[in-house]
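# Structural overview for review
Below are the chains, spelled out letter by letter.
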Amino acid sequence: MATKSTHGKVASATRKVRDRGAKKATPENAAAVARGLAQEYGDAECALVHRNAFELLIATILSAQCTDQRVNLVTPALFKLWPTAEAMAKAKTTELEKAIQSTGFFRNKAKNIVGCCQKLVEQHGGQVPQTLVALVKLPGIGRKTANVVLGTAFGIPSGVVVDTHVTRLCNRLGLTKQTNAVKIEQDLIKLLPQEEWIIFSHRLIHHGRRICKARKPLCGVCMLSALCPKVGIEEK
Ligand code: SF4
């Protein structure tokens, strides 16, 4: 049977997970997070290399379930072969699949890319449309991709990009309790002024890659540590 002091040791050695509902998120919390991120990552930008809206659209489709670095390795050769929506709309699916194979889910991505480019040619004169409504009607384009393209290529703050990093960090930072991307975006839209929507997610993604990593967040060196409730982080 454990003694009182053994219980204490067991208790202190037991890892606790911080309470998910620690504090209610407020615009003030969100503004403090945004300020901290701005100081650290003032020049953060989209990690997908692109020269125009079309390239960003295709690169974002390829980035699903794939790292941006991997996409950046694939896209230079891809856009050399098929530099425009018109060219890519006519690509042979087998050749396109081969060119994007290393990004994963390549059959589905190739099908979506060709379908998307055909619609761009048929309905938008080969140009990327500049509205969320038009973008999400294109094959393979969801709200996240549409927000990325509108925000980064056109500077239009249509919403907040919510990817895996934004999901994880916003939960840890107590800015949302949601796990669904659309609901997280709704929370962030309420918390942040519109001029922050585009840059906030770029900076958060940078922070997620460098410091607030999925498995081992580096809270000890994190500039947000003092204001972060660290929701879901195990304590020793
Ligand atoms: S303090 Fe820890 S959990 Fe909070 S943002 Fe920083 S690294 Fe992430």
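Only a predicted model underlies this, so the values are computations on that prediction, with no experimental measurement involved. (Residues numbered from 1 in each chain as written. Predicted model: local features only at pLDDT ≥ 70, side-chain atom pairs only at ≥ 80, totals over all residues.)

## Considerations on the overall build of the protein chain
Quick note on the threshold: Where helices and strands are cited, they refer to DSSP runs of H or I of at least four residues and of E of at least two residues respectively, numbered from the N terminus. Residue burial is a threshold on neighbouring C-beta atoms within 10 Å of the residue's own C-beta, all placed from the backbone, with 20 or more meaning buried, 12 or fewer meaning exposed, and counts in between meaning partly exposed. Residues are defined as contacting one another if the C-beta atoms placed from their backbone atoms lie within 7 Å.
The secondary structure content of the protein chain amounts to twelve helices and two strands. For the protein chain, the succession of helices and strands along the chain, N to C, is α-β-α-α-α-α-α-α-α-α-α-α-α-β. Counting the 236 residues in the protein chain, one finds 35% classified as buried. Within the protein chain, counting contacts between residues at least 6 apart in sequence, those at least 24 apart form 63% of the total.

## Some thoughts on the nonpolar core
For the record, the criterion: The term nonpolar core means buried Ala, Val, Leu, Ile, Met, Phe, Trp, Tyr and Cys residues held together as one set by C-beta atoms within 7 Å. Start and end points for every domain follow an automatic or database-based domain assignment.
One finds Ile113, Val149 and Val166 to be the most contacted residues of the largest nonpolar core, which totals 54 residues. Counting residues per element, this core draws most heavily on helix H3 (residues 53-62), which supplies seven residues. Looking at which domains feed residues into this core, each of domain 1 (22-45 + 160-231) and domain 2 (53-154) gives three or more. The residues contacting Val166, other than those within four sequence positions of it, are Val161, Ile184, Ser201, Leu204 and Ile205.

## Quick look at the environment of Asn52
Its location among the elements puts Asn52 in the loop between helix H2 (27-40) and H3. What makes Asn52 partly exposed here is the crowd of 13 C-beta atoms within 10 Å. It is 9.6 Å that separates the C-alpha atoms of Asn52 and Val128, two residues lying 76 residues apart in sequence.

## Here's the deal with unusual backbone geometry
Even without glycine at this site, Phe105 takes up a positive phi of about 45°. Relative to the helices and strands, Phe105 is located in the loop between helix H6 (93-100) and helix H7 (106-124).

## Regarding the packing of H6 against H7
Our working definition: For helices, the axis comes from a line fit to the C-alpha atoms of the stretch in contact; other axes are also lines fit to C-alpha atoms, and the angle between any two N-to-C directions lies between 0 and 180 degrees. In what follows, roughly perpendicular refers to angles from 65 to 115 degrees, roughly parallel to angles under 35, roughly antiparallel to angles over 145, and oblique to any angle outside these ranges. Two helices that cross are described as forming a left-handed crossing if the nearer one is turned anticlockwise from the farther one by less than a right angle, and a right-handed crossing if clockwise. Charged residues are taken to be Asp, Glu, Lys and Arg, nonpolar residues to be Ala, Val, Leu, Ile, Met, Phe, Trp, Tyr, Cys and Pro, and polar residues to be all remaining types, Gly included.
Between H6 and H7, the least distance of the axes is 9 Å, while the angle of their chain directions is 125°. Considering the angle they form, H6 stands oblique to H7. The crossing of H6 and H7 is right-handed. Between H6 and H7, the contacting residues are Thr93, Leu96, Glu97 and Ile100 on the first element and Phe106, Arg107, Lys109, Ala110, Lys111, Ile113 and Val114 on the second. Considered class by class, the residues forming the contact of H6 with H7 number six nonpolar, one polar and four charged.

## Describing the packing of helix H10 (residues 164-172) against helix H11 (residues 181-191)
At a closest axis distance of 11 Å, the pairing of H10 and H11 adopts a crossing angle of 55°. Between H10 and H11, the crossing angle belongs to the class labelled oblique. For H10 against H11, the interelement crossing comes out left-handed. Where H10 approaches H11, its residues Val166, Thr167 and Cys170 are matched on the opposing element by Ala181, Ile184 and Leu188. Classifying every residue of the contact of H10 with H11 by side-chain character gives five nonpolar, one polar and no charged.

## A few points about the environment of Ile198
With respect to the secondary-structure elements, Ile198 resides in helix H12 (residues 197-210). Residue classification places Ile198 among the buried residues on the basis of 23 C-beta atoms within 10 Å. The spacing of Ile198 and Thr152 is 46 residues in sequence and 7.3 Å in space, taken between C-alpha atoms. Ignoring sequence-local partners within four residues, the contact set of Ile198 consists of Gly151 and Pro157.

## Regarding H11
To keep it simple, the criterion reads: Regarding the arc, it is the one traced by the directions from the helix axis to the C-beta atoms.
Within H11 the residues assigned to the buried category are Ile184, Glu185, Leu188 and Leu191. The buried residues of H11 occupy an angular sector of 125° when projected down its axis, which confines them to one face. The exposed residues of H11 that point more than 90 degrees off its buried face are Val182 and Lys190. In the core, the buried residues of H11 are packed alongside H2 and H10.

## Comments concerning the environment of Arg203
Within the secondary structure, Arg203 sits in helix H12. Judged by local crowding, Arg203 falls into the buried class, with 23 C-beta atoms found within 10 Å. When near neighbours in sequence (up to four residues on either side) are disregarded, Arg203 contacts Leu37, Ala38, Tyr41 and Ala44.

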